[in-house]
Amino acid sequence: MAEKSRIGVTGLAVMGANLARNMARRGFGVAVHNRTTAKTTEFLAEHGHEGAFTGAETLQEFVDALETPRKIVVMVKAGKPVDAVIDELTPLLDPGDIIIDAGNSHFPDTDRRAAECAERGLRFMGVGVSGGEEGALNGPSIMPGGPLEAYGEVEEILTAIAADVDGTPCCTHVGPGGAGHYVKMVHNGIEYADIQLIAEAYDLLTHAGGLSAPEIGKIFEQWNSGDLESFLIEITGIVLAKTDDRTGRPLVDVVVDQAEQKGTGRWTAIDALDLGVPLTGITEAVFARTLSALRDERAEAARTLAGPTPARVADVDRLVDDVRQALYASKVVAYAQGFAQMRAASNAHGWDLDLGAMARIWRGGCIIRAQFLNRITEAYAEHPDLDNLLMVPYFTKAVSDAQDAWRRVVVTATEHGVAIPAFSSSLSYYDGYRRERGPANLIQGLRDYFGAHTYRRTDADGAFHTRWSQDGTEVSAS
Ligand code: NBP
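These lines cover the structure that appears in this document, whether it is placed above or below. Just so we're clear, the structure is a prediction, and the values are computed from it rather than from any experiment.

## A closer look at the site of the ligand
Part 1 of the argument: For the ligand, the set of nearby residues contains 20 residues, the closest of which are Met15, Asn34, Thr36, Lys39 and Asn104.
Part 2 of the argument: The backbone of Val14 places a nitrogen or oxygen atom 3.5 Å from an oxygen atom of the ligand.
Part 3 of the argument: Among the secondary structure elements, those contributing two or more residues to the shell around the ligand are α1 (14-25) and α4 (80-89).
Part 4 of the argument: It is α4 that contributes the most residues to the shell around the ligand, three residues altogether.
Part 5 of the argument: Taken together, the residues that form the shell around the ligand break down as eleven nonpolar, six polar and three charged.

Right, here's the structure in full:
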């Protein structure tokens, strides 16, 4: 009888195929299956020599090929396909078997599936995987959620296939239920903010700096050897430097300016609204993509709505350095907001997330991998109950050192009519957060006027209402 496989992967599109190859290359026997059998056959023909694979045409064969308790990675399109696969699998499984959804599922779905599987005696893990197809093959960042004891059964495999930074795998148990998919969702949200900030920097350097795409590419290449060092800054340099074979122009100049999205940024923003966490950077990044999608409307508006007369700034070198600093400060804000959101979610769901560990497993393998995540890990190591990363001396100093440049960038962009929703909202968040007394006193006054919603006083306990349309006297509403 053939030896049973340690783990199975069903769903052999790009991510599932590469995860399976990654596992097999590291010496784990992997059973593979895909709804459409031709894909399994193709996979085995192309990659069968890379490790100990067992191909299965049916789910029954697939399940039979696995050692028990079975460990099954489901890597199919997020949404209904995941439920369809679980429904087909569960009658074939035994109590204690583990289903691992490693796609980009929405965390409430993961919570529901975990409960449904638990009713059937099965263990369910929602696992975030970041790094795209390249990461899946060579070492992604892995964010496993679900029962700790189930994680214990797959830890050896997941840590072996994960990216490695300084000998530490980019994989750790995140928390129960939907915690893993939640953290992956926020990771993607931060990725949206990072990308939006980069796009705004490019826009400003193009329109206020008068620089070409390859010139800006070189600037990004230089930035990648400083504080901003990260995968996204690195690939921005590469993408901007690329010449289009067909036209000989920079490739980005012939790419349509409409950004697509698959939903994780939107989910992050919606959840921030539900939790009551100010998440301006990520949310503006989502809105910027939706604005970009209105291409026909924008074309008409460009002919109709007036802006300032185009002009170049006098000192381009200074603009470049200011934008670098604004980019860094705004990025710090985006991460501070994302981590504050994870903290709020952890408290709301009782997940007990180790936020420093989340930064640690994002240092390699994933799209937002960056040097500066080390600083976040250090910050939470020193202050596990930190409310906001901006309050840690390293980040306090970073944003404070950058603030003059940051403000100049917002002014320059505004004067030049360049939209910078992420730069400006990050700065407004910074200015709002550092205000001991903001203008919400007036908001409360207005709410009390039109809706008798009451207000609290700075000099007395309790709630109060002013009889605005009667005699103007104040009454206690407590
Ligand atoms: P896709 O998201 O394109 O899904 C294709 C796979 O789903 C195929 O194997 C397909 O089988 C299977 N499938 C579908 Br569609 N409906 C099914 C059903 N009802 N029953 C069984 N199988 C079904 O694949 P992907 O791009 O590899 O992504 C997989 C997951 O990983 C997704 O959740 C994605 O969001 C996530 N992810 C992707 C990336 C990335 O860079 N692409 C990065 C990180 C995470 P078929 O061959 O029979 O049609």
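Next comes the rest of the write-up.
## Comments concerning the packing of aromatic side chains
Part 1 of the argument: By the definition in use, this model includes 14 aromatic pairs.
Part 2 of the argument: With 5.1 Å between their ring centres and 85° between their planes, Phe43 and Phe53 make a pair best called edge-to-face. Of this pair, Phe43 sits in helix α2 (residues 37-47) while Phe53 sits in strand β3 (residues 53-56), placing them ten residues apart in sequence. Judged on exposure class, the residue Phe43 and its partner Phe53 are both buried.
Part 3 of the argument: Seen in terms of ring centroids, Tyr328 and Phe372 are 5.9 Å apart; in terms of plane orientation they differ by 70°. Their pairing is edge-to-face. Placement of Tyr328 in helix α14 (residues 316-349) and of Phe372 in the loop between α15 (355-361) and α16 (373-382) is noted, with a sequence separation of 44 residues between them. Residue Tyr328 shares its accessibility class with Phe372, and that shared class is buried.
Part 4 of the argument: Through a chain of ring-to-ring contacts, three or more aromatic side chains come together here, namely Tyr328, Tyr335, Phe372, Tyr394 and Phe395.
Part 5 of the argument: One cation-aromatic arrangement involves Arg289 over Tyr192; the distance from NZ or CZ to the ring centre is 3.8 Å.
Part 6 of the argument: Positioned above the aromatic ring of Phe372, the side-chain terminus of Lys331 is 5.2 Å from the ring centre.

## Examining the nonpolar core
Part 1 of the argument: Of all hydrophobic cores here, the largest spans 88 residues; its most connected members are Trp223, Phe339, Met342, Trp362, Ile376 and Phe423.
Part 2 of the argument: It is α14 that provides the largest number of residues to this core, a total of 16 residues.
Part 3 of the argument: Residues lining this core come from more than one domain, with at least three contributed by each of domain 1 (7-177) and domain 2 (184-433).
Part 4 of the argument: One finds Ile7, Ala20, Ala150 and Tyr151 within the second-largest nonpolar core, a separate group that totals 31 residues.

About the criteria used
- Residues numbered from 1 in each chain as written.
- Predicted model: local features only at pLDDT ≥ 70, side-chain atom pairs only at ≥ 80, totals over all residues.
- Heavy atoms only, no water.
- Near = heavy atom within 4 Å.
- Polar contact = N/O pair within 3.5 Å; in protein donor to acceptor, adjacent residues only side chain to side chain.
- Helix = DSSP H or I, 4+ residues; strand = E, 2+ residues; numbered from the N terminus.
- Nonpolar A, V, L, I, M, F, W, Y, C, P; charged D, E, K, R; others polar.
- Phe/Tyr/Trp six-rings, centres within 6.5 Å; stacked < 30°, edge-to-face > 60°.
- Buried < 20%, exposed > 50% of the residue type's maximum accessible area, 1.4 Å probe, protein only.
- Lys NZ or Arg CZ within 6 Å of the ring centre and 35° of its normal.
- Core = buried A, V, L, I, M, F, W, Y, C linked by side-chain atoms within 4.5 Å.
- Domains from an automatic or database assignment.

By themselves these figures say nothing about function.
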